[in-house]
Amino acid sequence: MATALRASNEKKWHEQYPELGTGPIPIEPYVSREYFEKERALIFRKVWLNAGRVEQIPNPGDYFVKDLAVLQTSILIVRGKDGAIRAFHNMCAHRGNKLVADTGGTCRGLFTCKFHGWAYALDGSLSHIADEASFFDLNKADLGMTPIAVDTWEGFVFINVDPHPAESLRDYLGEIGTGFVGYPFGELSAELFFWQTEIKANWKVVKDAFQEVWHIPTLHHKTIPNVFSDAVNKYGHALNFTLYPRHGRISLGGNYERKPTTVESFALRYGSGATVIKHASINPPKGVNPMRDPRWATDGNALFPNCLMYVSERSYLTHIFWPLAENRTLWEARFYYPKAKTLAERFSQEYAKVILRDINMEDGSTLERTQTMLASGAKTEIVLQDQELLIRQHHKVAEEYISAGRQDR
Amino acid sequence: MAERQLPAAFAELESFIDWSLATERERTARRQTIGMAAIKAFYDAMVARLDEILKYLNDFPQESAPDDVRRLFFMTLSLAEVAPAVENFGQPGVVDGYEYTRFVPVHD
């Protein structure tokens, strides 16, 4: 047997974070329309949210649109002639039509409203008013698209719809953000596999499933039962947890003794594709494998409120959960790999992508059933164990935002 | 005589050419609808030659492979698609899984 991972009888992680408590968690945040409206107003409309990557809009005029029900708006994100990325409410100032109806592309000239032909430049300014002489006392300078705060971190485009964000993106991410300096997000974003699904579950039910891994030996027993566990560490306990004021990280050790399947063993020979790859870096950025543990396989980084980013040595993946209602979520799963140098390496990535996708399908059906029962009213609380620390942290941070927002009124 | 579709060294795989599919959507749809016997026949034929196939494909960059090589490459992507059906689930779809048509690939 390989080096043993942390055993279940060791000190509990919750002892390091006594402010989180150890009690049960109310079910109300998972099922209540009223709570959902609080999350919308006091969390999602106040914080920085991961909307995409710079590779989606490499050149001036490139744009993409995010329709975000939780923000009750559509957002147009565009790279200007000056190379700067800007974000706007995707709305014409005339009678309010949604300005850009598609989901992305390249704007060669102006964004033109399909209703009456008003047209806007890439910087959001109103450039052309059709039949201008028939309007009254218009000041074009006041009629540009309404801007939204936008900034980038490590190539991720974040937006904040608060007209006056309480803090910069850099401050919002804090220490977990600076820990990734030097990680090759750009290079590893060459091959993107991206799925979307509308799942009938609260967004936190979905998020919770991806911020603990001890369900893997049970739920994923047909696919990757022992990828993070072995005979000693049978529940796949983490190597480490690190909590920041809002965000958190779970570090996982890989079981490199596990026997791959036939096709997986071929995928392993040709590079990036397998469920766990033993890392070889001598010195990754300080926020990656923070304990410098030789058993390390991947870190799950929970960026409050709705983004999880699993970072391995030569690939990463994100899950972003966009609430649609208290019991519906747009779940976006993205797996990122470096450019495959050969067709054999691309096969290797395909194997990894397919097995990870199928594993997500095992989660999806379970999560919808969970939502059904949470909504039954049969119980008012759920309980969490030590490995579910990030779930507990989410609830604490959310409560802080909600109670702080109440006091602001 | 049908025109050769695959590199000559892999001629015996010509009968599986319908698995040469360019998109995940097509590969997933075939896996989910064709039945386990056809999946297993394709899997066995590909695995028997996989060592040589991957050595062969490892000489080609993604951008500049001839059409016959690309068709063989797409067959390996179909093998990746059906591998979990054979190796993990023993049935075409994910056991007790989410409806596959709802998990929509945006990359195709």
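Reading the values: rules and limits
- Residues numbered from 1 in each chain as written.
- Chains lettered and ligands numbered in written order.
- Predicted model: local features only at pLDDT ≥ 70, side-chain atom pairs only at ≥ 80, totals over all residues.
- Pairing = 2+ DSSP bridges.
- Helix = DSSP H or I, 4+ residues; strand = E, 2+ residues; numbered from the N terminus.
- Axes fitted to C-alpha atoms, helices over the stretch in contact; angles between N-to-C directions.
- Contact = placed C-beta atoms within 7 Å.
- Nonpolar A, V, L, I, M, F, W, Y, C, P; charged D, E, K, R; others polar.
- Core = buried A, V, L, I, M, F, W, Y, C linked by C-beta atoms within 7 Å.
- Buried ≥ 20, exposed ≤ 12 C-beta atoms within 10 Å, placed from the backbone.
- Domains from an automatic or database assignment.
- Arc of directions from axis to C-beta.
- Parallel < 35°, antiparallel > 145°, perpendicular 65-115°, else oblique.
- Left-handed = near helix turned anticlockwise from the far one by under 90°.

A. Structural view of the sheet that holds strand β10 (residues 147-153) of chain A. Residue and element names in this part refer to chain A. With antiparallel pairing, the seven strands of this open sheet are ordered in space as β2-β11-β10-β5-β4-β3-β6. Each edge of the sheet is formed by a strand with only one pairing partner; in this case those strands are β2 (49-53) and β6 (104-106). Across the sheet, the mean angle from the axis of one strand to that of its neighbour is 25°, orientation sign disregarded. Pairing of strand β3 (residues 62-68) with strand β4 (residues 73-79) involves six bridges; the strand directions are antiparallel. For F64, the partnering residue across the bridge sits in β4 and is I77.

B. Up close: the interface of chain A and chain B. Listed per partner, the contact involves 31 residues of chain A and 32 residues of chain B. For the side of chain A that touches chain B, the elements supplying multiple residues, two or more each, are β12 (191-199), α7 (262-269) and α8 (343-374) of chain A. Here the side of chain A that touches chain B takes 15 residues from α8 of chain A, the largest share from any one element. Counted by class, the side of chain A that touches chain B contains 15 nonpolar, nine polar and seven charged residues. Where β12 of chain A lies against strand β1 (residues 104-105) of chain B, two bridges are found, and the strand directions are antiparallel. If you follow Q196 of chain A over to β1 of chain B, its bridge partner there is V104 of chain B.

C. Focus on the nonpolar core. Ranked by internal contacts, the top residues of the largest apolar core, which has 130 residues, are L76, I77, F158, I159, V206, F347 and Y351 of chain A. Discounting residues that sit within four places of it in the chain, F158 of chain A has contacts with W48, L49, N50, A51, V150, D151, W153 and L169 of chain A.

D. Up close: the domain arrangement of chain A. Residue and element names in this part refer to chain A. With domains assigned, chain A is organised as domain 1 (13-35 + 183-408) and domain 2 (49-164). The C-alpha-based centres of domain 1 and domain 2 are spaced at 33 Å. In this assembly, 10 residues from domain 1 lie in contact with nine residues from domain 2. Elements represented by at least two residues in the side of domain 1 that touches domain 2 include exactly α4 (185-188) and β17 (316-325). Top contributing element to the side of domain 1 that touches domain 2 by residue count: β17, with four residues.

E. Structural context of helix α2 (residues 33-44) of chain A. Residues and elements named next belong to chain A. Those residues of α2 that sit buried are F36, E39, L42, I43 and F44. Take α2 and look down its axis: the buried residues cluster within an arc of 155°, on one side only. In α2, the exposed residues that point more than 90 degrees away from the buried face are R33, E34 and E37.

F. Highlighting the packing of α7 of chain A against α8 of chain A. Residue and element names in this part refer to chain A. Running from N to C, α7 and α8 cross one another at 135°; their axes reach a closest spacing of 8 Å. Regarding the angle of α7 to α8, the classification is oblique. The chirality of how α7 crosses α8 is left-handed. Two secondary-structure elements touch here, α7 through V263, E264 and A267 and α8 through F347, S348, Y351 and A352. In terms of residue class, the contact of α7 with α8 is built from five nonpolar, one polar and one charged.

G. Highlighting the sheet that holds strand β14 (residues 248-253) of chain A. The eight strands are arranged β13(A)-β14(A)-β15(A)-β16(A)-β17(A)-β18(A)-β12(A)-β1(B) in an open sheet whose pairing can be described as antiparallel. What marks the edges here is a single partner per strand, and that holds for β13 (240-243) of chain A together with β1 of chain B. Alignment of β17 of chain A against strand β18 (residues 328-337) of chain A, held across nine bridges, turns out to be antiparallel. Bridge assignment links L317 of chain A to a residue of β18 of chain A, and that residue is F335 of chain A.

H. Local environment of the environment of V100 of chain A. With respect to the helices and strands, V100 of chain A occurs in the loop between β5 (85-89) and β6. Between the C-alpha atom of V100 of chain A and that of C113 of chain A, which follows or precedes it by 13 residues, the distance is 7.2 Å.

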